[in-house]
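Breakdown of the fold
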Amino acid sequence: MADYIYTMEIRLTPDQLKAVGVVQDVARAAGMNLYLTGGAIRDIISGFTIRDLDFTVQGNPLKLQKDLEKGGAKITAVEEDIRTIFLTLPGNARAEISMARTERFEKTGKPPIVTPATIHEDLRRRDFTVNAMALSLNEGSRGLLLDPFNGVADIETKVIRILHNYSFLEDPSRLIRATRFAARFHWQLEERTQARYDAAKEGKYIDHILRSSIGHEIAALAHEDDPLHVVKMLEKEGWLEILHERWTVAKVDTNGISQLMKTRQQMVDMGYTPDAGPAVMYFLTSHFSDKDVSDIQKLIPRKDLVEAWRDIEDHAKQLAKRLMGKEAATPSRTWQLLSSARPEMVLFLAVTAKQQSVEQKIKNYLTKWRQVQQKLPLPEMTELLITSQLPEYPKLAHEVFMLLLDGKLRSRTETLKFLKPFAPPPPPPPPAPRRGRAAKAAAEAPATAVATKLGPKAAKKAKGSVAAATPAAPPAAAAPAKVQARAPEKPKSAKAAPKPSKPVAKSAKKPAPKSSSKQTKPKKKR
Ligand code: ATP
Ligand code: MG
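Here the structure is a predicted model, which means the values were calculated and not measured.

1. Some words on the sheet that holds strand E5 (residues 93-99)
Pairing in this open sheet of seven strands is mixed, and the strands run E3-E4-E5-E2-E1-E8-E9 from one edge to the other. Strand pairing shows two members of the sheet lacking a second neighbour, strand E3 (74-79) and strand E9 (145-146), which therefore form its edges. Where strand E4 (residues 84-89) meets E5, six bridges bridge the pair, whose relative direction is antiparallel. Paired with Ile85 across the bridge in E5 is Ile97. Lying on the sheet, helix H2 (residues 14-29) is in contact with strand E1 (33-37), strand E2 (53-58), E4 and E5; it crosses E2 at an angle near 10°. Contacts from helix H3 (residues 38-46) reach E1, E2, strand E8 (134-136) and E9 within the one sheet, and its direction differs from that of E1 by about 55°.

2. Quick look at H3
Across the nine residues of H3, seven count as buried, placing the element largely inside the fold. Restricting attention to buried positions, one finds in H3 the residues Gly38, Gly39, Ala40, Ile41, Arg42, Asp43 and Ile44. Positioned one or two residues after H3, Gly47 has a phi angle of 95°, which is positive.

3. Structural notes on the coordination of the magnesium ion (ligand 2)
Within the protein, the atoms that donate to the magnesium ion (ligand 2) are Asp52 (OD), Asp54 (OD) and Asp54 (OD), at distances of 2.2 to 2.7 Å. Here the magnesium ion (ligand 2) binds six donor atoms, and the angle range of 47 to 159° at the metal identifies the geometry as irregular.

4. Thoughts on the pattern of salt bridges
One pass over the structure, following the stated rule, counts 30 salt bridges. The salt bridge involving Arg174 is made with Glu170; its shortest N-O contact spans 4.0 Å. A residue is classified by how much of its surface remains accessible, and Arg174, at 4% relative accessible area, is buried. The class for Glu170 is partly exposed, based on a relative accessible area of 29%. Several salt bridges share partner residues, and in doing so they unite Arg51, Asp127, Arg177, Arg180, Arg184, Glu217 and Glu224 into one network.

5. A look at the site of ligand 1
Lining the immediate surroundings of ligand 1 are 18 residues, of which Arg51, Arg126, Asp171, Arg174 and Arg184 lie closest. Here an oxygen atom of ligand 1 sits 2.9 Å away from a polar atom, N or O, in the side chain of Arg42. In this structure, Asp54 approaches ligand 1 through a side-chain N or O atom, which is 2.9 Å from an oxygen atom. Isolated, ligand 1 exposes 590 Å² of accessible area, and the fraction of that covered by the protein chains is 87%. Sorting the residues of the shell around ligand 1 by element identifies H3 and helix H8 (173-185) as the ones contributing at least two each. Looking at which element gives the most residues to the shell around ligand 1, the answer is H8, with six residues.

6. Observations regarding unusual backbone geometry
Phi is positive for His186, close to 60°, though the residue is something other than glycine. Along the polypeptide, His186 turns up in the loop between H8 and strand E11 (188-189). Classification of His186 by relative accessible area gives exposed; the value is 57%. A positive phi angle is found at Leu385, which is not glycine, with a value near 65°. Inspection of the secondary structure puts Leu385 in the loop between helix H21 (378-383) and helix H22 (393-405). For Leu385, a relative accessible area of 24% puts it in the partly exposed group.

Cut-offs applied
- Residues numbered from 1 in each chain as written.
- Chains lettered and ligands numbered in written order.
- Predicted model: local features only at pLDDT ≥ 70, side-chain atom pairs only at ≥ 80, totals over all residues.
- Heavy atoms only, no water.
- Pairing = 2+ DSSP bridges.
- Helix = DSSP H or I, 4+ residues; strand = E, 2+ residues; numbered from the N terminus.
- Contact = heavy atoms within 4.5 Å.
- Axes fitted to C-alpha atoms, helices over the stretch in contact; angles between N-to-C directions.
- Buried < 20%, exposed > 50% of the residue type's maximum accessible area, 1.4 Å probe, protein only.
- Donors = N, O, S within 2.8 Å, 3.2 Å for Na, K, Ca; no water.
- Tetrahedral: all angles 85-135°; square planar, octahedral: opposite > 155°, others 65-115°.
- Salt bridge = Lys/Arg side-chain N within 4 Å of Asp/Glu carboxyl O.
- Near = heavy atom within 4 Å.
- Polar contact = N/O pair within 3.5 Å; in protein donor to acceptor, adjacent residues only side chain to side chain.
- Areas by Shrake-Rupley, 256 points an atom, 1.4 Å probe, with all protein chains shown as cover.

Right under this line is the structure:
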């Protein structure tokens, strides 16, 4: 049972996991049962990218808005009729929370009659078996997977299957969804589903699609990993013109979108999480008139997507202008400017920049300049005890990086010279070695141990070989030795340190607390 929670935890991004935590706390505080549902479960199980988190609550999620906002969520759209809220949580984690409901379709082309329901009833109104699963996030049943239509089996056999024969008739947007999922996952429609699909196509069910569904399907394109492929499949099936009568692949800036997806992947590999959605929409509709773009935007329920898409060109222009000005006069300043810019804008400008200097700067930011970071002399810094444990380390490392970027530190020697004054004082020396009988006994210990196995003669020989082997310590042990050597200000301890030529003394490095205090006393007197 708990396996699915484990799978969820390893499959979600850290930001998505935090988002689950926020929603879970808010729902629990409100006394509502909460489930992770739909595509999120499908993607967790199948191993595909989890694009957004679909939650279902037994109750009205509209009541949770304030608490969700307190938890850091931004509500981006609300659909009162089906009691669904759309939100974005930190790190661009998109989510929707819907009310568990039944839908009764009484008239073709008219919205269904919606009634609050249990999660089990809710799963029956879903589009495909692979989307009709729910994972309980509730105390007592946490981790329980509800899979009434055996969606797991369909994921395994990679098929898309409707739940009943009237599925496409009731909601023709499922035809578009079927094509979209088949294109995205490269899965097949199950045989009977395919037959129903063909019949629905022939019967022109699509003419009855709801306007609101068109908006959802357009918005869904924004978050596809390979939007061009999906759009091509939609065009082939005749669905692209349903989303807008003049939409064809010819309206898409195919080169732009390919570049965009490549750069996005590059940024993701670097640890950024840019929301490529607005830029994807920009390129998918590049060759449309402004009026047509505006008409498409009006259909989309998520207003944050629309706003970001509308502003994308202006914001990119502003960033380009700053990149050409004094603010970006040096590589270090450019780095700082681009690091503080929204990753979405860096992504979009990387693909659309018209000025060569801007293009070059972004290119350097994403590639060449990152390699400069590797010029930090980390081993020597460790020897100087300049490590991430120092509170000022991030600032110092950043400063060195900036100087390296600007060519103000041109060699390792120069960098170390700059860093040396920041080295913290070395740690106190190791306790002084034992003297007298205790040291002798300890020094003889290894040989004695060998002697018991080899007999006294062989032990004599072995004593010599143990001593000879000790200096060949692993390389890791060499670093602290050097650090100790940097302690001229404490001559007493330097004297007390064991001479490297007498490796036997090493075993005497572990004094009992008593004997070490014995030794410090006379030193003080001296
Ligand atoms: P994606 O990965 O594109 O987000 P998804 O399956 O999660 O895919 P959403 O649009 O996020 O799709 O919807 C969430 C869930 O709501 C779906 O998995 C499905 O269970 C249900 N759903 C969405 N649209 C429909 C529909 N038209 N008919 C029936 N169920 C639907
Ligand atoms: Mg989803």
